[in-house]
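# Tertiary structure, described
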Amino acid sequence: QVQLVESGGGLVQAGGSLRLSCAASGGTFSYAMGWFRQAPGKEREFVAGIKWSGSNTYYTNSVKGRFTISRDNAKNTVYLQMNSLKPEDTAVYYCAAVRGLTVTTSPGGYDYWGQGTQVTVSS
């Protein structure tokens, strides 16, 4: 059983930066990883994903050029560097893991989820 724990959320002004971390434990780290977010009253949406090797990354259009996903398999940790934050980025951010090599944008495609970390961007 894999456990995922996110950290790094908080309150930041528009234009600021945050770095989210997702620490994995309880299993081998041969998983593709994704970051999702969910704002109040909205569905959970895909933000970014990365293959186990780290060789391929994927982003939703609204964060391209501002967010960067990366991973350190030696530390079993995935990161989401968020720059030029906007008020519309405000949400609870979740990391998720799926067995195998393929990143999927569908929340239903993931096997494990963290508890989430709140990101609030003020205008």
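Here is a short report on the structure shown in this document.

## Considerations on the side chain of Arg71
Among the secondary structure elements, Arg71 is positioned in strand β7 (residues 67-72). Salt bridges are absent for the buried Arg71, whose nearest opposite-charge side chain, Asp72, sits at 8.3 Å. Here Lys51 takes part through its backbone oxygen, which lies 3.0 Å from a polar atom of the side chain of Arg71.

## Describing the state of the cysteines
Considering all chains together, one arrives at one disulfide under this definition. Note on cysteine connectivity: Cys22 is disulfide-linked to Cys95, with sulfurs 2.0 Å apart. In this structure, the disulfide formed by Cys22 and Cys95 twists by about 55° around the S-S bond and is classed as right-handed. Of this pair, Cys22 sits in strand β3 (residues 18-25) while Cys95 sits in strand β9 (residues 91-99), placing them 73 residues apart in sequence. We classify Cys95 as buried; its relative accessible area is 1%.

## What about the pairing of β9?
Within β9, seven of the nine residues are buried, leaving the element largely enclosed by the surrounding structure. Of the strand pairs in this sheet, β9 and strand β10 (residues 112-113) are connected by two bridges, and their pairing is antiparallel. Directly across from Ala96, in β10, lies its bridge partner Trp113.

## A word on the packing of aromatic side chains
Following the criterion strictly, the structure yields six aromatic pairs and no others. Relative to Phe46, the ring of Phe36 has its centre 5.6 Å away and its plane inclined at 80°; by these criteria the two rings are edge-to-face. Of this pair, Phe36 sits in strand β4 (residues 31-38) while Phe46 sits in strand β5 (residues 45-50); the two residues are 10 residues apart in sequence, bridging distant segments of the chain. A residue is classified by how much of its surface remains accessible, and Phe36, at 0% relative accessible area, is buried. Look at Phe46 and you get buried, because its relative accessible area is 9%. Relative to Tyr110, the ring of Phe36 has its centre 5.1 Å away and its plane inclined at 80°; by these criteria the two rings are edge-to-face. Here Phe36 is found in strand β4, whereas its partner Tyr110 is found in the loop between β9 and β10, with 74 residues between them in sequence. Pair check on accessibility: Phe36 and Tyr110 agree, each one buried. Taking NZ or CZ as reference, Arg19 lies 4.0 Å from the ring centre of Tyr79, over its face.

Cut-offs used in this document
- Residues numbered from 1 in each chain as written.
- Predicted model: local features only at pLDDT ≥ 70, side-chain atom pairs only at ≥ 80, totals over all residues.
- Heavy atoms only, no water.
- Helix = DSSP H or I, 4+ residues; strand = E, 2+ residues; numbered from the N terminus.
- Buried < 20%, exposed > 50% of the residue type's maximum accessible area, 1.4 Å probe, protein only.
- Lys, Arg positive; Asp, Glu negative; His and termini not counted.
- Salt bridge = Lys/Arg side-chain N within 4 Å of Asp/Glu carboxyl O.
- Polar contact = N/O pair within 3.5 Å; in protein donor to acceptor, adjacent residues only side chain to side chain.
- Disulfide = S-S within 2.5 Å.
- Pairing = 2+ DSSP bridges.
- Phe/Tyr/Trp six-rings, centres within 6.5 Å; stacked < 30°, edge-to-face > 60°.
- Lys NZ or Arg CZ within 6 Å of the ring centre and 35° of its normal.

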